[in-house]
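# Chains, contacts and geometry: an overview
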Amino acid sequence: MKKKNLLIIFTRNPELGKCKTRLAATIGDQSALDVYQFLLQHTVNITQELQITKEVHYSEKIRENDLWDPKIYDKKQQFGDDLGQRMENAFAAGFSSGFEHIIIIGSDMYDLGQIDLENAFGALESHDYVVGPAQDGGYYLLGMKSLHPKIFKHKTWGTATVLQETIKDIQNENIKLLEERNDVDYYEDIKDIPVFQKIIHKHHD
């Protein structure tokens, strides 16, 4: 049976000292965890109302009682040796389940909204790929209509070349590039945003 749209959300299990390590180097483990929990909640807020199938893929293990409501999100386990393999496996499973348009996002984007996601799915109506460039040279969103394994191979994940290399892999295809957005990895990414300052300072007051 053909099913239209699937949103895959990749998330790390929020554990003290294990998430947002580059951020933690500046603000400490507890504040970094608080920031990540806040970003997770933001991701819930911008996805829960979407009228499409939504899956949450956990990095470590699936949590039953967390902020991802199982009535809204199907919970899955990521598998693969690196991020590329994990994403390829997630897309492959989605396509083999009969989905036609699949988009993947992470769970650490503060300046992403529900309308951005709706627009991204809209773009797949007339494009084969949709890519959301991140300011750090990676991407915050990737969507496609059929599995293209090349995109997921021979990348140094987490580096500034990922976006360029990905675009090169599909340069002859019909691609929609979204607006550049900033994901939260370093203190510089959040130092001017009041809501994050509030989270960070609650441990220091």
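Just so it is clear, the model here is predicted, and its values are computed rather than measured. (Residues numbered from 1 in each chain as written. Predicted model: local features only at pLDDT ≥ 70, side-chain atom pairs only at ≥ 80, totals over all residues. Heavy atoms only, no water.)

## Considerations on the sheet that holds strand β7 (residues 175–177)
Taking strand neighbours across the sheet as the criterion, the seven strands line up as β3-β2-β1-β4-β6-β5-β7 in an open arrangement whose pairing is mixed. With partners counted over all chains shown, the strands left at the sheet margins are β3 (74–77) and β7, one partner each. Strand-to-strand twist in this sheet, taken as the mean axis angle between neighbours without regard to direction, amounts to 20°. Where helix α3 (residues 83–96) meets the sheet, it contacts β1 (3–11), β2 (53–58), β4 (99–105) and β6 (139–144), and its direction lies at approximately 150° from that of β4. (Pairing = 2+ DSSP bridges. Helix = DSSP H or I, 4+ residues; strand = E, 2+ residues; numbered from the N terminus. Axes fitted to C-alpha atoms, helices over the stretch in contact; angles between N-to-C directions. Contact = heavy atoms within 4.5 Å.)

## Structural notes on the pattern of salt bridges
Enumeration over the complete set of coordinates arrives at 14 salt bridges. Measuring nitrogen to oxygen at the nearest pair gives 3.8 Å for the salt bridge that ties Lys76 to Glu55. With a gap of 21 residues between them, Lys76 in strand β3 and Glu55 in strand β2 connect regions that are remote in the sequence. Here Lys76 falls in the partly exposed class, since its relative accessible area comes to 34%. Glu55 sits in the buried class, given a relative accessible area of 6%. Taking the shortest distance from any N to any O, the salt bridge between Arg181 and Asp116 comes out at 3.0 Å. Within this pair, whereas Arg181 is found in the loop between β7 and α6 (194–201), its partner Asp116 is found in helix α4 (residues 114–123), the two being separated by 65 residues in sequence. Overlapping salt bridges, with partners in common, bring together Lys20, Arg22, Asp108 and Asp185 in one network. (Salt bridge = Lys/Arg side-chain N within 4 Å of Asp/Glu carboxyl O. Buried < 20%, exposed > 50% of the residue type's maximum accessible area, 1.4 Å probe, protein only.)

## Remarks on the nonpolar core
If you look at the biggest cluster of nonpolar residues, it comprises 27 residues, and the most contacted ones within it are Leu7, Trp68, Ile103, Leu117, Val130 and Leu141. Not counting residues within four places of it along the chain, the set of residues in contact with Ile103 comprises Leu6, Leu7, Ile8, Phe91, Ala120, Phe121, Leu124, Val130, Leu141, Leu142 and Gly143. Phe95, Phe152, Val162 and Ile170 belong to the second-largest nonpolar core, a separate cluster that totals 21 residues. (Core = buried A, V, L, I, M, F, W, Y, C linked by side-chain atoms within 4.5 Å.)

## What about the pairing of strand β5 (residues 129–133)?
Across the five residues that make up β5, a large majority, five, are buried. Of the two faces of β5, the one holding Tyr129, Val131 and Pro133 and the one holding Val130 and Gly132 are both buried throughout. Pairing analysis gives five bridges linking β5 to β6, with the strands arranged antiparallel. Residue pairing for β6: Val130 is matched across the bridge by Gly143. Between β5 and β6, which pair antiparallel and follow one another directly, the connecting turn spans five residues, one of which, Gly137, has a positive phi of 95°. Across three bridges, β5 lies against β7 in parallel orientation. Note on β7: the bridge partner recorded for Val130 is Lys176.

## Here we look at α3
For α3, built from 14 residues, the straight-helix expectation of 20 Å at 1.5 Å per residue is met to within 8% by its first-to-last C-alpha distance of 20 Å. Residues of α3 that are buried: Gly84, Met87, Glu88, Ala90, Phe91, Gly94 and Phe95. Across the axial projection of α3, the buried residues extend over an arc of 160°, all falling on one side. The inward-facing, buried residues of α3 abut β1, β2, β4 and β6. Capping of α3 at its N-terminal end is provided by Asp82; its side-chain oxygen lies 3.1 Å from the backbone amide nitrogen of Gly84. (Expected span 1.5 Å × (residues − 1). Arc of directions from axis to C-beta. Polar contact = N/O pair within 3.5 Å; in protein donor to acceptor, adjacent residues only side chain to side chain.)

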